[in-house]
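# Commentary on secondary and tertiary structure
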Amino acid sequence: MASATVRNVPLLDDDTIPFGEEDEMRDPSQAGQKYTHPYVTFFHLFFRGAAIVIYMFCGWFSESFITSFVFVVLFLSADFWTVKNISGRLLVGLRWWNYVDDDGKSHWVFESKNSSESFKSRVNKHEQRVFWLGLILCPVFWGLFFLMALFGLKFKWLLLVMIAIALNAANLYGYIKCNYGASKDLNSAATDFVRTQLFKNAMDIMTKPSGAPPPTNVRPTGVV
């Protein structure tokens, strides 16, 4: 039986940098740069972008379905590992993983350092935006490819698209779970988000200054 938890559990590798302390080992000269993790940010987008590009244009270079299938799956696998183990941890301070205890029970762990004010001050807003955009937009593309393959009756490509959706959706779900809390229902989290946005918009409308003030020298019609 699997369970979800947010408690900290030691990693198997004793030499692993403790979660949330990665930025303490960063070179101080990178503090003023627009992207503090440029290589991580690049590969966060490169592998998933390459998988989409190869899927779209593989017919231009090879007529072999097996060759295209293998290359797309390789890039999808590299993307899944990179996003799950590196970019989420360094760019946004989130991590999800699984371990099996001595009783054979599987535990899913969802961790977040966003509650720490010191960590929030170190998060690069540009990298954070790139992380979430890449995490959300790529599954949308694969969803469109799924519909195209389904209605086009291309069932062999449908299998490949389903693999891509599964890998992308796993990371998306895991990081949303980390961001909103492992014990919080995602439906209630989405409802709270929508309610907050509606309340904010309503307050903006109520507090927004009106346009130009009405003229004070307008005389009523029919009055001399």
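If you check an unreviewed UniProt entry, the protein appears there as Golgi apparatus membrane protein TVP23 homolog from Drosophila kikkawai. In UniProt, the protein has this text filed under Sequence similarities (unreviewed entry): "Belongs to the TVP23 family." Listed in UniProt under the heading Subcellular location (unreviewed entry), the comment for the protein reads: "Membrane".

## Things to note about the pairing of strand β2 (residues 94–100)
Judged by how many residues are buried, β2 sits mostly within the fold: five of seven residues are covered. Between β2 and strand β3 (residues 106–112), which pair antiparallel in sequence order, lie five residues; one of them, G104, sits at a positive phi of approximately 85°.

## So, the packing of aromatic side chains
Each aromatic ring pair is specified by the distance between its two centres and by the angle formed by the two planes. Taken as a whole and assessed by the stated rule, the structure comprises 19 aromatic pairs. Relative to F47, the ring of F46 has its centre 5.5 Å away and its plane inclined at 65°; by these criteria the two rings are edge-to-face. Since its relative accessible area comes to 17%, F47 is described here as buried. If you follow K84 out to its NZ or CZ, it ends over the ring of W96, 4.9 Å from the centre.

## What about unusual backbone geometry?
Excluding glycine, most residues fall at negative phi; most peptide bonds, likewise, are trans. Phi at L153 takes a positive value of approximately 60°, unusual for a residue other than glycine. Relative to the elements of secondary structure, L153 occurs in the loop between α4 (125–151) and α5 (155–180). According to the relative accessible area criterion, L153 is exposed, its value standing at 58%.

## Considering a nonpolar patch on the surface
On the surface, a cluster of nonpolar side chains totalling about 1,100 Å² of accessible area is made up of L133, I136, L137, V140, F141, L144, L147, L150, F151, L153 and F155. For the nonpolar patch, the element with the highest residue contribution is α4, accounting for nine residues. With respect to the element layout, L147 can be found in helix α4. A relative accessible area of 40% means that L147 is categorised as partly exposed.

## Observations regarding the pattern of salt bridges
Throughout the structure, instances matching the rule amount to two salt bridges. The residue R95 makes a salt bridge to E111 at a minimum N-O spacing of 2.6 Å. In this pair, R95 sits in strand β2 while E111 sits in strand β3, placing the two residues 16 residues apart along the sequence. When its relative accessible area of 9% is taken as the criterion, R95 is described as buried.

## Quick word on helix α1 (residues 38–61)
The largest bend in α1 amounts to roughly 45° and is located at Y55. Considered for burial, the residues of α1 that qualify are V40, T41, H44, F47, R48, A50, A51, I52, Y55 and C58. Buried residues along α1 sit in contact with α2 (65–91), α4 and α5.

Conventions and cut-offs
- Residues numbered from 1 in each chain as written.
- Predicted model: local features only at pLDDT ≥ 70, side-chain atom pairs only at ≥ 80, totals over all residues.
- Heavy atoms only, no water.
- UniProt positions renumbered as here; feature names shortened; annotations may be inferred.
- Buried < 20%, exposed > 50% of the residue type's maximum accessible area, 1.4 Å probe, protein only.
- Helix = DSSP H or I, 4+ residues; strand = E, 2+ residues; numbered from the N terminus.
- Pairing = 2+ DSSP bridges.
- Phe/Tyr/Trp six-rings, centres within 6.5 Å; stacked < 30°, edge-to-face > 60°.
- Lys NZ or Arg CZ within 6 Å of the ring centre and 35° of its normal.
- Patch = residues over 30% accessible without salt bridge, like charges linked within 9 Å, V, L, I, M, F, W, Y side chains within 5 Å.
- Areas by Shrake-Rupley, 256 points an atom, 1.4 Å probe, with all protein chains shown as cover.
- Salt bridge = Lys/Arg side-chain N within 4 Å of Asp/Glu carboxyl O.
- Bend = angle between axes of the 7 residues up to and from the residue.
- Contact = heavy atoms within 4.5 Å.

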